[in-house]
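Examining the three-dimensional arrangement
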Amino acid sequence: MEQLQLGSSLAREIVKPTLDLDQDYAEMSIDALTTNPIIKEIPIVKTVVAIFRTGMAIREWHFTKKSLMFLKEFHAGLTDNEKNSEFRARLDSDPIFAEKVVGHLLVVLDRYVTSEKAQILAHLFRAHANGEIGWDDFVSLTVSLDSLQRGSYKYLDQMAAYEFPFSSHNGDESDQAPLYAAGIASRYGTRFSVT
């Protein structure tokens, strides 16, 4: 029942955003989430607070912050195009589809330890909503993101600057090992590549 309520709130916020994109949700305290009159009216915040009326525990507070960071990042870079309009319309009108999509988002958001991963998830989800990656690839990437260590972000960013960004003969094995563990890299002889 609780997951259904959370899923419904998250789906509504994806389709028709109500949150302030200028707000820094990562820095909010529990009090700000539960007492700020504007913040507590955001559907997903309202739902989490209603479900946990006896007081918001640390886990629920952290989940709420990650959800807000995800939604803010998702909407901040969203462009109105035919693919994402179709996607949001289907999310709004097809309950089976909405349950599949939002159910997955809730599970992975709950698993992620950092708000950074919620922001990266938003970029991946936006790419899916825009039709740039399919559902299976999106799910695979969210699983890899769950396994990815925080220190790997900088290494991936550095690799992106190269002409052939995700394939090289050089590099530090200690930077590459976490990528193998996350399932997004492979080595063939001396060639390292991100898949």
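Structure shown above.
The following paragraphs examine the structure supplied in this document. (Residues numbered from 1 in each chain as written. Predicted model: local features only at pLDDT ≥ 70, side-chain atom pairs only at ≥ 80, totals over all residues. Heavy atoms only, no water.)

**Looking at the packing of aromatic side chains**
- As enumerated under the stated definition, the model contains seven aromatic pairs in all.
- Pairing F87 with F97 gives two aromatic rings, centres 5.5 Å apart and planes at 80 degrees, and the pair type is edge-to-face. One end of the pair, F87, is in helix α5 (residues 82-93); the other, F97, is in helix α6 (residues 95-111), and 10 residues separate them in sequence. Considered together, F87 and F97 belong to a single accessibility category, that of buried residues.
- With centroids separated by 5.7 Å and ring planes inclined at 55 degrees, the aromatic side chains of F125 and F138 adopt a geometry described as tilted. Of this pair, F125 sits in helix α7 (residues 115-129) while F138 sits in helix α8 (residues 135-147), and the two are 13 residues apart along the sequence.
- For F138, a relative accessible area of 0% puts it in the buried group.
- Through a chain of ring-to-ring contacts, the aromatic side chains of F70, F74, F87, F97, F125, W135 and F138 assemble into a single cluster.
- The ring centre of F97 lies 3.9 Å from the NZ or CZ of R90, which sits over that ring. (Phe/Tyr/Trp six-rings, centres within 6.5 Å; stacked < 30°, edge-to-face > 60°. Helix = DSSP H or I, 4+ residues; strand = E, 2+ residues; numbered from the N terminus. Buried < 20%, exposed > 50% of the residue type's maximum accessible area, 1.4 Å probe, protein only. Lys NZ or Arg CZ within 6 Å of the ring centre and 35° of its normal.)

**Examining the packing of α7 against α8**
- Two numbers describe how α7 lies on α8: the axes approach to 10 Å, and their chain directions differ by 170 degrees. Between α7 and α8, the crossing angle belongs to the class labelled roughly antiparallel. On α8, the residues that touch K117, I120, L121, L124, F125 and H128 of α7 are W135, F138, L141, T142, L145, D146 and S147.
- For the contact of α7 with α8, the residue count by class is eight nonpolar, three polar and two charged. (Axes fitted to C-alpha atoms, helices over the stretch in contact; angles between N-to-C directions. Parallel < 35°, antiparallel > 145°, perpendicular 65-115°, else oblique. Contact = heavy atoms within 4.5 Å. Nonpolar A, V, L, I, M, F, W, Y, C, P; charged D, E, K, R; others polar.)

**Side note on the pattern of salt bridges**
- Summed over the entire model, instances satisfying the criterion amount to three salt bridges.
- Two residues, R90 and D94, come together in a salt bridge whose shortest N-O distance is 3.5 Å.
- Among the ionic pairs, E116 bridges to R150, the shortest N-O distance being 2.5 Å. Residue E116 is found in helix α7, and its partner R150 is found in the loop between α8 and α9 (152-159); the two are separated by 34 residues along the sequence.
- Among the residues examined, R150 registers a relative accessible area of 57% and is labelled exposed. (Salt bridge = Lys/Arg side-chain N within 4 Å of Asp/Glu carboxyl O.)

Interpretation note: all reported values are geometric properties and have no functional meaning in isolation.
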